[in-house]
Amino acid sequence: MTSEPDISTADAMTALILQIFRVNGSLLAVGDGLVSDLGLTSARWQVLGAIAMSPAPLPVAHIARNMGLTRQAVQRLVNEMANDGFVAFGSNPHHQRAKLVLLTPHGKAAYASAMRRQRPWAEKIAKGLARKDIDGARSTLAALELRLSDAGST
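Below you will find a few notes about this structure. Computed from a predicted model, the values in this text were never measured in an experiment.

Remarks on the overall build of the protein
Consideration 1: Scanning the protein for helices and strands turns up 6 helices and 3 strands.
Consideration 2: Helices and strands appear in the protein in the N-to-C order α-α-β-α-α-β-β-α-α.
Consideration 3: Each principal axis of the C-alpha atoms in the protein carries an extent, and together these give about 55 × 40 × 25 Å.
Consideration 4: Counting every position in the protein, which comprises 154 residues, the buried fraction comes to 23%.
Consideration 5: For the protein, long-range pairs separated by at least 24 residues make up 49% of all intrachain contacts whose partners lie at least 6 apart in sequence.
Consideration 6: Of the roughly 10,800 Å² of accessible surface on the protein, a fraction of 60% belongs to carbon and sulfur atoms.
Consideration 7: Between the averaged position of the 17 positive side-chain charges in the protein and that of its 12 negative side-chain charges there is a distance of 10 Å.

Regarding helix α2 (residues 42–53)
Consideration 1: For α2, with 12 residues, the first-to-last C-alpha span of 16 Å sits near the 16 Å given by 1.5 Å per residue.
Consideration 2: Buried residues in α2 make contact with α1 (7–35), α3 (60–67), α4 (71–83), β2 (87–90), β3 (100–103) and α5 (105–126).

Digging into the nonpolar core
If you look at soluble globular proteins, the nonpolar side chains tend to sit buried side by side.
Consideration 1: Within the largest apolar cluster, 22 residues are counted, with the highest numbers of intra-cluster contacts made by Leu40, Leu48, Ile51, Val78, Phe86, Val87 and Val101.
Consideration 2: Of all the elements in the fold, those that place two or more residues in this core are α2, α3, α4, β3 and α5.

Observations concerning the sheet that holds β3
Consideration 1: With respect to topology, 3 strands assemble into an open sheet ordered β1-β3-β2, the strand pairing being antiparallel. Edge strands, defined here as strands with exactly one partner in the open sheet, are β1 (58–59) and β2.
Consideration 2: Where β1 and β3 come together, 2 bridges link them in antiparallel fashion. Bridge pairing links Pro59 to Leu100 in β3.

Quick word on the environment of Val47
Consideration 1: Tracing the backbone through its elements, the reader meets Val47 in helix α2.
Consideration 2: When the C-alpha positions of Val47 and Tyr111 are compared, they lie 9.9 Å apart, and in sequence the two are 64 residues distant.
Consideration 3: When sequence neighbours within four positions are dropped, the list of residues in contact with Val47 reads Met67, Leu77, Val78 and Met81.

Observations regarding the pattern of salt bridges
Consideration 1: For the structure shown, the criterion picks out 7 salt bridges.
Consideration 2: Two residues, Asp135 and Arg131, come together in a salt bridge whose shortest N-O distance is 3.0 Å. Residue Asp135 and its partner Arg131 are located together in helix α6 (residues 131–152), separated by 4 residues, close to a single helical turn.
Consideration 3: The class for Asp135 is partly exposed, based on a relative accessible area of 28%.
Consideration 4: Taking relative accessible area as the criterion, Arg131 reaches 62% and is therefore assigned exposed.

Considering the pairing of β3
Consideration 1: The pairing of β2 with β3 spans 4 bridges and is antiparallel. Along β3, the bridge assignment pairs Gly90 with Leu100.

Examining the packing of α1 against α2
Consideration 1: Viewed as axis vectors pointing N to C, α1 and α2 meet at an angle of 80 degrees, and their least axial separation amounts to 8 Å. Classified by the angle between their axes, α1 and α2 sit roughly perpendicular to one another. For the pair formed by α1 and α2, the contact residues are Leu27, Leu28, Gly31, Asp32, Leu34 and Val35 on the first element and Ser42, Trp45 and Gln46 on the second.

Thresholds applied
- Residues numbered from 1 in each chain as written.
- Predicted model: local features only at pLDDT ≥ 70, side-chain atom pairs only at ≥ 80, totals over all residues.
- Heavy atoms only, no water.
- Helix = DSSP H or I, 4+ residues; strand = E, 2+ residues; numbered from the N terminus.
- Buried < 20%, exposed > 50% of the residue type's maximum accessible area, 1.4 Å probe, protein only.
- Contact = heavy atoms within 4.5 Å.
- Areas by Shrake-Rupley, 256 points an atom, 1.4 Å probe, with all protein chains shown as cover.
- Lys, Arg positive; Asp, Glu negative; His and termini not counted.
- Charge placed at Lys NZ, Arg CZ, Asp CG, Glu CD.
- Expected span 1.5 Å × (residues − 1).
- Core = buried A, V, L, I, M, F, W, Y, C linked by side-chain atoms within 4.5 Å.
- Pairing = 2+ DSSP bridges.
- Salt bridge = Lys/Arg side-chain N within 4 Å of Asp/Glu carboxyl O.
- Axes fitted to C-alpha atoms, helices over the stretch in contact; angles between N-to-C directions.
- Parallel < 35°, antiparallel > 145°, perpendicular 65-115°, else oblique.

Shown next, in the form of structure tokens:
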């Protein structure tokens, strides 16, 4: 026998989701400001990060999957960044048409500069927050992400 979630739990989840939307908007706006002079946006920075942190070069579809984004959205960003010299395309021994996305020296430098700016910014916004609360929030968000992916596959 399954029971419906308590309405107060559903209300709390709705409030959390709405707060996540607001925080996401703020993160994107602040991120854009942090890296705009590097020729980046928050979205470009995220894609550069996914490429930089991958242990091996990946095609767009794999980058998108790892980021939880659509292939089309990542393809658009990668194409723009290729035009601006941040990334280049390399041959893929596993698939002739799905080129690998590679950071150029310009892309590596921009990403490194962005990350040097990110650390002091993260330290500033973390000031006064308890590590256990930050870890708890991350854990809750990870659990929510897992439930959302499970819900999407059924």
